[in-house]
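# Chains, contacts and geometry: an overview
Below are the chains, spelled out letter by letter.
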Amino acid sequence: MNVTERLLSSHLVDEDTTSDEIALRIDQTLTQDSTGTMCYMQLEALGVDRVRTELSVAYVDHNTLQTGPLNAMDHKYLRTVAARHDIWFSPPGNGICHQIHLEQFASPGKTLLGSDSHTPTCGAVGMLALGAGGMEVAAAMAGAPLWIKRPKVTGVRLSGALEPWVSAKDVALYLLGLLGVTGGVGSVVEYLGEGVSTLDIYQRATICNMGAELGAVSSVFPSDERTREFLRSRGREQDWVSLTPAISASYDSLYNVELDRLVPMVAMHGSPDNVLPVSEVAGRRVDQVIIGSCTNSSYRDVATAARMFEGKRVHPDVEVALVPGSRRILSKLAASGALSALINAGVRILESACGPCIGMGLSPGSGAVSLRTFNRNFPGRSGTPDAEVWLSGVEVAVASAISGVITDPRQQVAPPPVIQDHPEGEHILYPPCRSAEVVRGPNIKPFPVADPPGETLRAQVIAVLGDNVSTDDIMPSHSTLLPYRSNIPALAEHCLEAASPGFSKRARDAGTGIIVAGDNYGQGSSREHAALAPLHLGIRAVLARSFARIHRTNLINNGIIPLVYDADPPSQGDLLEIRGLRALIARSTSVEVHNLSTGEQIPAHLLLTAREREVLLAGGYLNWVKRTVSTLQ
Ligand code: MIC
Ligand code: SF4
């Protein structure tokens, strides 16, 4: 067996061989605040008193700008609901969920389900870490297994070692260039080979983190001596188990990456797979540089930045900021003197949180080019629709911040020392208190629940969209909208507002609607809001060429029918009808969609597992899981 197969088989609790769906026991869960409020409302709706996982943690890291009272009140809800249900709580300022979870709780051989698409970061220590919608995370906390399509395993054999100035981010960007944003769909990406031992856990975490941009189900490294060393440094050596592939292990596909042949890379604006070597764009103007995010904010990364800035100043035309991944990393930066190097160089230091990665502050100016060590650069995500966001590793970012133009860091005189030491001290995590009263602020609004489908669906086409529409397009997130993550009616007004102006009004006017889209619909963030807001607006089905995994599941779990089609698209405003819907959902793979406006038929497919059919017929996962929750393990 390979590492993925070992993890799957040790957590397998059920299996449907006809549909190739497997049910996995979930050992740990994590939530962050912007998906967490909805997730805990769903947990409450399931009526479970105390979580049934080994460990569940509620982090607050996204919505920390607090420009009005709403965020603080949501934080209070999260703190009290966590305490009430035996869930650990990490308050705002503590840091980014994936960084803290990696250091504090990630354990080889375990499973982790998180309501954030970058949960696979913890695959760095040999754990099966999966991103999902909040509803599945709520169900996992209630003791339900996670049902997923059995993933394929894509092996990436690493050989050699990275050259100076070439970073783990370059491995991730190289793979994105090779495979594209859909290259990992349906697969766990598993790293193997002698090159693995040359990478420390933080480098592995960067690589696993950006597996989300490949569309992968997860990414995983073996658990080896370096994993043990990492856990020892975190005072958790007892959590270590060895997890390596058998010599005879096989993979569904296998790629070879020679680490010593990689060069510093950037992803140009628009999509994380828009990559090329830095040397090809060196000299291009840069207006802003930001170091941070769950991809590149470990102590290793920020200390590397500090060493590069030592005795230098940021270029006067460039705004530069750094976001340490956690309070503990910030504290270590301060204790080691590295923080002074950054401050004296003119770097703005932000609170440990997601911050600008999710448009929470530091939006660039109009037309600006912002170079960021983040993982996503979808248009508009920075908060400035006409700014460009480029992605790179820390070394490229700092070299460019100093020179004022995109710079290949290999031009620097001496390579920075590889920082191996681990910061000490602990995060502040509050222990559970089951007697706590749950405090709900005015922003905590009930979430929409679909009705079971009727016999006929008659719906108007509200939008016709292209390929690779992301959940950022469907449900934009920035400093104005993020505070409404627990208030679907308010959020829904902004659904698809840039991709299809007027969408929410048209949907409301139509009453019942359908979205038409191209390939890879719903890529990116796990936010369930991209299903809940359309549901609130009356969307009952999406007709797309293909769907991104997490979003497809979020649609089904919220009672929205994902239809796959390959014909000419209908037009916006057309009235579509599906007859005999319940029987079709129950057992058919082919569906005739009647276009009542043109008289044409659109052949479509209902590619669903038996369980997904049950979920849709029940009106969504909540209704379905409520029936099964009492019989769970
Ligand atoms: C993201 O990076 O897109 C987010 C913001 O972390 C999302 C979660 C969200 O939308 O709240 C994700 O990755 O799932
Ligand atoms: Fe936060 Fe950005 Fe990571 Fe999402 S990608 S969890 S917004 S730091």
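Please refer to the structure placed before this passage.
### Quick look at the overall build of the chain
Looking only at helices and strands, the chain has 20 helices and 26 strands in total. For a compact globule of 633 residues, the expected C-alpha radius of gyration is about 26 Å, and the chain comes in at 23 Å, within 12% of that figure. The contacts in the chain between residues at least 6 apart in sequence include a share of 77% that link residues at least 24 apart. Carbon and sulfur atoms provide 49% of the accessible area of the chain, an area that totals close to 21,200 Å². Of the charged side chains in the chain, 54 are positive and 65 negative, and the gap between their average positions amounts to 4 Å.

### Side note on unusual backbone geometry
Although it is not a glycine, S293 adopts a positive phi angle of roughly 80°. Positive phi values are uncommon outside glycine, yet L496 reaches one of about 50°.

### A look at the site of ligand 1
Near ligand 1 there are 14 residues, and of these S34, D116, S117, S526 and R527 occur at the shortest range. Between Q32 and ligand 1, the recorded distance is 3.1 Å, taken from a side-chain N or O atom to an oxygen atom. Within the side chain of S525, a nitrogen or oxygen atom sits 2.8 Å from an oxygen atom of ligand 1. Isolated, ligand 1 exposes 340 Å² of accessible area, and the fraction of that covered by the protein chains is 97%. For the shell around ligand 1, the residue count by class is 1 nonpolar, 8 polar and 5 charged.

### Some points on helix α8 (residues 225-233)
If you check which residues of α8 are buried, you get R226, T227, F230 and L231. Seen along its axis, α8 keeps its buried residues to an arc of 135°; they face one direction. Contacts made by the buried residues of α8 are with α4 (97-104) and α7 (201-209). Positive phi appears at G235, one or two residues downstream of α8, with a value of about 70°.

### Side note on the packing of aromatic side chains
For the structure on display, the rule yields 4 aromatic pairs. Taken together, a centroid distance of 5.7 Å and an interplanar angle of 85° make the contact between Y202 and F230 edge-to-face. Remark: F230 occurs in helix α8 and Y202 occurs in helix α7; sequence separation between them is 28 residues. The buried category is assigned to Y202, whose relative accessible area is 5%. You can call F230 buried: its relative accessible area is 1%. On the numbers, 5.6 Å between centres and 25° between planes, the contact of Y621 with W624 is stacked. Taken together, the residues Y621 and W624, both in helix α20 (residues 621-628) and 3 residues apart, mark about one turn of the helix. Relative accessible area serves as the criterion here: at 10%, W624 is assigned to the buried category. One Lys or Arg, R545, reaches over the ring of Y565 and ends 4.5 Å from the middle of that ring. Over the ring of W624 we find R611; its NZ or CZ atom is 5.5 Å from the centre of that ring.

### Some remarks on the sheet that holds strand β4 (residues 55-59)
Spatial strand order, β5-β4-β3-β6-β7: 5 strands in an open sheet with parallel pairing. Across the chains shown, the open sheet's two edge strands, defined by having one partner strand only, are β5 (88-90) and β7 (128-131). Each adjacent strand pair in this sheet contributes to an overall mean axis angle of 20°, direction not counted. By the bridge criterion, 4 bridges tie strand β6 (residues 111-114) to β7 in an arrangement that is parallel. Of the residues in β7, the one forming a bridge with L113 is L130.

So, how was this worked out
- Residue positions within a chain follow its written sequence, with the count starting from 1.
- Chains and ligands are labelled sequentially in the order written, the chains with letters from A and the ligands with numbers from 1.
- Restriction of local features to residues with pLDDT of at least 70 applies here, the model being predicted, together with a cutoff of 80 or more for giving and counting side-chain atom pairs; totals for whole chains, interfaces and linings are based on all residues.
- Processing note: side-chain calculations cover all non-hydrogen atoms of the structure and skip hydrogens and water entirely.
- In this text, helices come from DSSP runs of H or I with a minimum length of four residues, and strands from runs of E with a minimum of two, each type numbered from the N-terminal end.
- Note on method: radius of gyration uses C-alpha positions; expected globular size equals 2.2 Å times residues raised to 0.38.
- We call two residues contacting when some pair of their heavy atoms lies within 4.5 Å.
- Reported accessibility uses the Shrake-Rupley method at a 1.4 Å probe radius. Residues are deemed covered only where the shown protein chains occlude them.
- A residue counts as positive if it is Lys or Arg and as negative if it is Asp or Glu; His and the chain ends are not included.
- To locate a charge, take NZ of a lysine, CZ of an arginine, CG of an aspartate or CD of a glutamate.
- Distances are taken per atom, and a residue is near a molecule or strand as soon as one of its heavy atoms is within 4 Å of it.
- Any pair of N or O atoms that falls within 3.5 Å is considered a polar contact. Within protein, one atom must be able to donate a hydrogen and the other to accept it, and sequence-neighbouring residues count only if both atoms are side-chain atoms.
- Under the scheme applied, nonpolar residues are Ala, Val, Leu, Ile, Met, Phe, Trp, Tyr, Cys and Pro; charged residues are Asp, Glu, Lys and Arg; polar residues are all the others, including Gly.
- Relative accessibility thresholds used throughout: buried, under 20% of the residue-type maximum; exposed, over 50%; partly exposed, between the two (1.4 Å probe, protein chains only).
- Note that the arc is defined by the directions from the helix axis to the C-beta atoms.
- Pairing of aromatic rings covers Phe, Tyr and Trp, the last through its six-membered ring, and needs centres within 6.5 Å; plane angles under 30 degrees mean stacked, over 60 mean edge-to-face, and all others mean tilted.
- Distance and angle both matter: a charge sits over a ring if NZ of Lys or CZ of Arg is within 6 Å of the ring centre and within 35 degrees of the ring normal.
- Pairing between two strands requires that DSSP report at least two bridges joining them.
- Axis definition: a line fitted to C-alpha atoms, over the contacting stretch in the case of helices. Angles run 0 to 180 degrees between N-to-C directions.

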